[in-house]
Amino acid sequence: MMNRSVIVTTPIPSLEEVGASLGLSKARQKALMQIIVGSDTDRPARRRGVTMSGVETKRSRRRAAKRR
Amino acid sequence: MPRNAGKVTPNAVFLNIPYDQGFRSLYLAYIVGLVHLGFEPRVTLGLPDGTRRLDKILEVIQGCSYSIHDLSRVELDRKPPFATPRFNMPFELGLAVAWEKSNPKKHKLFVFEAKAFRVQKSLSDLNGTDPLIHRGQVSGVMRELCNAFVRPTNQPTVPEMMRAYKAVYRHLAKIMAYAGAESLFEARAFRDLYFVSKGITEKLQSHS
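Just so you know, these numbers come straight off a predicted model, no measurement behind them. (Residues numbered from 1 in each chain as written. Chains lettered and ligands numbered in written order. Predicted model: local features only at pLDDT ≥ 70, side-chain atom pairs only at ≥ 80, totals over all residues.)

**Points about the overall build of chain A**
- Within chain A one finds three helices and one strand.
- Listing the helices and strands of chain A from first to last along the sequence gives β-α-α-α.
- Sorting the 68 residues of chain A into buried and exposed places 9% on the buried side. (Helix = DSSP H or I, 4+ residues; strand = E, 2+ residues; numbered from the N terminus. Buried ≥ 20, exposed ≤ 12 C-beta atoms within 10 Å, placed from the backbone.)

Shown next, in the form of structure tokens:
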């Protein structure tokens, strides 16, 4: 009944296929592509906290206070 | 249980998880993790209320080859007017169990929990097989997804999945703004999140 593991061999859908299966219009896909293209995937990983740019976190406040 | 006349999508995974702010990061982890593993996550967001909702939930389960049932929210929900446990997840698990029992070749289900041995107490009918324990952590969800779904080739690693998660997380505010959503748990936000996760995952894979 409850499974622990399965081997998956099904093909992985492409981004275009995903967009089509979600019923997203071309215009919407284009708008969302801006986020994808602009995403800085090389940025080093942070350990904790909110990482949305422009959002103040405890750590950023602490660092700003130190700089002052 | 009605017979399924519809098509079963081989890559589709039904996500039976709580939709609340405290579960936001794990919700995102499930979506990004499944997309990274090449799956199509499906949720019950945007389904109509009433008896039609139950029919639709059944349809979603029957259209998926796999389902994930996260039973980590067993605490009382203290929201007024009454403090109650949340029965939706075990109820939908019951539906999936019945569906899998009658169609073992069409559907496989996985139970995820935050704490080891808790499900043996909270839902002892499931005794016999251990659930996958994520410890309430994003990396735990990624790890257990990798344990549950094994690809003979191109299996992503947990650090790769975490990288995708962090890249998507950084753009949550933008995704919400594009969708005009107040909460991540809205159908439109889910679709956009899925699409962006897929795009970022592809981008990361092309870089590596």
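**Considerations on the nonpolar core**
Residues and elements named next belong to chain B.
- Counting 59 residues, the largest nonpolar core has Val13, Tyr30 and Val196 as its most contacted members.
- The element contributing the most residues to this core is helix α1 (residues 24–36), with eight residues.
- When residues no more than four places from it in sequence are discounted, the contact partners of Val13 are Leu34, Phe39, Glu40, Pro41, Arg42, Cys64, Tyr66, Ser67 and Ile68. (Core = buried A, V, L, I, M, F, W, Y, C linked by C-beta atoms within 7 Å. Contact = placed C-beta atoms within 7 Å.)

**Side note on the interface of chain B and chain A**
- The interface is formed by 43 residues belonging to chain B together with 30 residues belonging to chain A.
- For the side of chain B that touches chain A, the secondary-structure elements that each account for two or more residues are β1 (9–16), α3 (88–102), β4 (108–113), α5 (138–148), β6 (149–150), α6 (158–170), α7 (172–179) and α8 (187–207) of chain B.
- Taken together, the residues that form the side of chain B that touches chain A break down as 23 nonpolar, seven polar and 13 charged.
- Two strands pair when backbone bridges link them, and strand β1 (residues 6–7) of chain A and β6 of chain B are joined in this way by two bridges, in the parallel orientation. Across the sheet, residue Ile7 of chain A finds its bridge partner in β6 of chain B, namely Val150 of chain B. (Nonpolar A, V, L, I, M, F, W, Y, C, P; charged D, E, K, R; others polar. Pairing = 2+ DSSP bridges.)

**Points about the pairing of strand β3 (residues 64–70) of chain B**
Residue and element names in this part refer to chain B.
- Taken across its seven residues, β3 has seven buried, putting it largely inside the fold.
- Two elements, β1 and β3, share five bridges in a ladder whose sense is parallel. Paired with Asn16 across the bridge in β3 is His69.
- As judged from the five bridges shared by β3 and β4, these two strands associate in the parallel manner. Within the sheet, the bridge partner assigned to His69 lies in β4 and is Val111.
- Between the parallel pair β3 and β4, the chain is carried across by α3, and the sense of this crossover is right-handed. (Right-handed = clockwise from strand over helix to strand, strands pointing away.)

**Structural notes on the environment of Ser39 of chain A**
- With respect to the helices and strands, the residue Ser39 of chain A is situated in the loop between α2 (26–38) and α3 (58–67).
- Between the alpha carbons of Ser39 of chain A and Pro11 of chain A there is a distance of 26 Å; along the sequence they are 28 residues apart.
- The residues touching Ser39 of chain A, leaving out its near neighbours within four places in the chain, are Ala167, His171, Ile200 and Lys203 of chain B.

**Comments concerning unusual backbone geometry**
All names here are of chain B.
- The residue after Pro80, namely Pro81, is reached through a cis peptide bond having omega 10°.
- Among the structural elements, Pro81 can be located in the loop between β3 and α3.
- Positive phi, normally seen in glycine, also occurs at Phe117, with a value near 70°.
- By the element assignment, Phe117 lies in the loop between β4 and α4 (118–122).
- We note that Asn154 has phi near 55°; this positive angle belongs to a residue other than glycine.
- Residue position: Asn154 is located in the loop between β6 and α6.
- Given 9 C-beta atoms within 10 Å, Asn154 falls into the exposed group.

**Digging into the environment of Ile61 of chain B**
Residue and element names in this part refer to chain B.
- Structurally, the position occupied by Ile61 is in helix α2 (residues 51–62).
- Here the alpha-carbon distance between Ile61 and Ala12, two residues 49 residues apart in the chain, equals 9.3 Å.
- Those residues in contact with Ile61 that sit more than four places away from it in its chain are Phe14, Ser67, Leu95, Ala96 and Trp99.

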